Amino acid sequence: MAVLEYLGTLKGVSVERVRGNARDWLKRLEIDDLGNRPVQELSKGNQQKVQFIATVVSDPDILILDEPFTGLDPINVHLLVRSIQELAAEGKTVVLSVHQMSLVESLCRRVFMINRGRQVLYGDLEEIQNRHSEPSFLVRSGADYRTCALIDRFTSHNAATTVYLKQGVEPARFLRWLVESGVDVESFQRARTPLDEIFIRVVRDSS
């Protein structure tokens, strides 16, 4: 707690406010029982939580987080993801440096991707995924896709099927075919290529 208070007051925030913020964050990240333990005695995951609290304890408007999920198990990753989402919802600007693309997809609105020190992608996440994804759709229905002349190919996995339409086919035509087939359609959505696949493809094409 003393370390967090010291770091918070370095930013010009009163010790009373920092102390209150530190207590709140220690509780939110479920380590309030460790507040008086030396940092070096904590586990790697709990040290990572303390570093995160040290960043937010002064309530800054801009947060820069470098690999904040290192050393955390899935439960604590979820806990920290939820905390970051809450901060963003409060209007904070969060700059996040991570290598796990699934976390980028769940947390970020804009991305800046670097390979060997050079920019390879930058912009709105949804726009990038739309631009680099094939014209495919994730469908849950009882249709026999082999009978549809609009489809180029399809792959089934679990209860869903990824359908790739032929060049020039509008999604509305395929959806109309599904409805007219008389089958139950549980879901129909654009299938975006995962960000890690996009990164690999862009790096490969630029080399």
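Caption draft 1: Up close: the side chain of T162. Examined against the element boundaries, T162 turns out to sit in strand β7 (residues 160–165). Using a relative accessible area of 10% as the deciding quantity, one classes T162 as buried. A distance of 2.7 Å separates polar atoms of two side chains, one belonging to T162 and the other to H157. Here T162 is in contact with S136, F137, L138, R153, F154, T155, H157 and A191, once residues within four sequence places are set aside.

Caption draft 2: Molecular detail of the packing of helix α1 (residues 2–9) against helix α2 (residues 15–28). Across the interface, α1 lies against α2 with an axial gap of 9 Å and an inter-helix angle of 130°. When the interaxial angle is binned, α1 and α2 end up oblique. Between α1 and α2 lies a crossing whose hand is right-handed. Here L4, E5, G8 and T9 of α1 lie close against α2, whose contacting residues are V15, V18, R19, A22 and L26. Classifying every residue of the contact of α1 with α2 by side-chain character gives five nonpolar, two polar and two charged.

Caption draft 3: Examining the sheet that holds strand β5 (residues 136–141) more closely. Pairing within the open sheet is antiparallel, and its four strands lie in the order β6-β7-β5-β8. Edge positions in the sheet fall to β6 (151–157) and β8 (185–190), since each of these pairs with one other strand and no more. Sheet twist, expressed as the mean angle between neighbouring strand axes with direction ignored, is 20°. Where β5 lies against β7, four bridges are found, and the strand directions are antiparallel. Within β7, the residue paired with V139 across the bridge is T161. Packed onto the sheet, helix α7 (residues 171–180) meets β5, β6, β7 and β8 and runs at close to 170° relative to β8.

Caption draft 4: Fine view of the nonpolar core. One finds F52, I53, F69, V111, M113 and L195 to be the most contacted residues of the largest nonpolar core, which totals 44 residues. Broken down by element, the residue count for this core peaks at six residues, all from helix α4 (residues 74–89). Each residue touching M113, except ones within four places of it in the same chain, is listed here: M101, R118, Q119, V120, L121, L195 and F199. Listed in part, the 13 residues of the second largest apolar core include L150, V163, W177 and L178.

Caption draft 5: A nonpolar patch on the surface, seen in detail. Residues V3, Y6, L7 and L10 make up a contiguous nonpolar surface patch of roughly 390 Å² in combined accessible area. Mapped onto the secondary structure, L7 falls in helix α1. By relative accessible area, L7 is classed as partly exposed at 31%.

Caption draft 6: Molecular detail of the side chain of S83. Its place among the elements puts S83 in helix α4. Take S83: its relative accessible area is 4%, and that puts it in the buried class. Discounting chain neighbours no more than four positions away, the residues touching S83 are W25, L29 and F52.

Caption draft 7: View of helix α6 (residues 125–132). Within the sequence span of α6, burial applies to L125, I128, Q129 and H132. The buried side chains of α6 occupy one side of the element, clustering within an arc of 95° when seen end-on. Among the structural elements, α5 (101–107), β3 (110–115), β4 (118–124) and α8 (195–206) are those in contact with the buried residues of α6. A distance of 3.2 Å separates the backbone nitrogen of E126 from a side-chain oxygen at the start of α6, and that oxygen is part of D124.

Caption draft 8: How the structure looks around the packing of aromatic side chains. One pass over the full model with this rule turns up six aromatic pairs. With a centroid separation of 5.5 Å and 75° between ring planes, the pair formed by W25 and F52 is classed as edge-to-face. Placement of W25 in helix α2 and of F52 in helix α3 (residues 44–56) is noted, with a sequence separation of 27 residues between them. When its relative accessible area of 3% is taken as the criterion, F52 is described as buried. Here the aromatic rings of F137 and F188 are separated by 5.2 Å at their centres, their planes lie at 15°, and the arrangement is stacked. Note that F137 is positioned in strand β5 and F188 in strand β8, a separation of 51 residues in sequence. A relative accessible area of 8% means that F137 is categorised as buried.

Cut-offs used in this document
Residues numbered from 1 in each chain as written. Predicted model: local features only at pLDDT ≥ 70, side-chain atom pairs only at ≥ 80, totals over all residues. Heavy atoms only, no water. Helix = DSSP H or I, 4+ residues; strand = E, 2+ residues; numbered from the N terminus. Buried < 20%, exposed > 50% of the residue type's maximum accessible area, 1.4 Å probe, protein only. Polar contact = N/O pair within 3.5 Å; in protein donor to acceptor, adjacent residues only side chain to side chain. Contact = heavy atoms within 4.5 Å. Axes fitted to C-alpha atoms, helices over the stretch in contact; angles between N-to-C directions. Parallel < 35°, antiparallel > 145°, perpendicular 65-115°, else oblique. Left-handed = near helix turned anticlockwise from the far one by under 90°. Nonpolar A, V, L, I, M, F, W, Y, C, P; charged D, E, K, R; others polar. Pairing = 2+ DSSP bridges. Core = buried A, V, L, I, M, F, W, Y, C linked by side-chain atoms within 4.5 Å. Patch = residues over 30% accessible without salt bridge, like charges linked within 9 Å, V, L, I, M, F, W, Y side chains within 5 Å. Areas by Shrake-Rupley, 256 points an atom, 1.4 Å probe, with all protein chains shown as cover. Salt bridge = Lys/Arg side-chain N within 4 Å of Asp/Glu carboxyl O. Arc of directions from axis to C-beta. Phe/Tyr/Trp six-rings, centres within 6.5 Å; stacked < 30°, edge-to-face > 60°.

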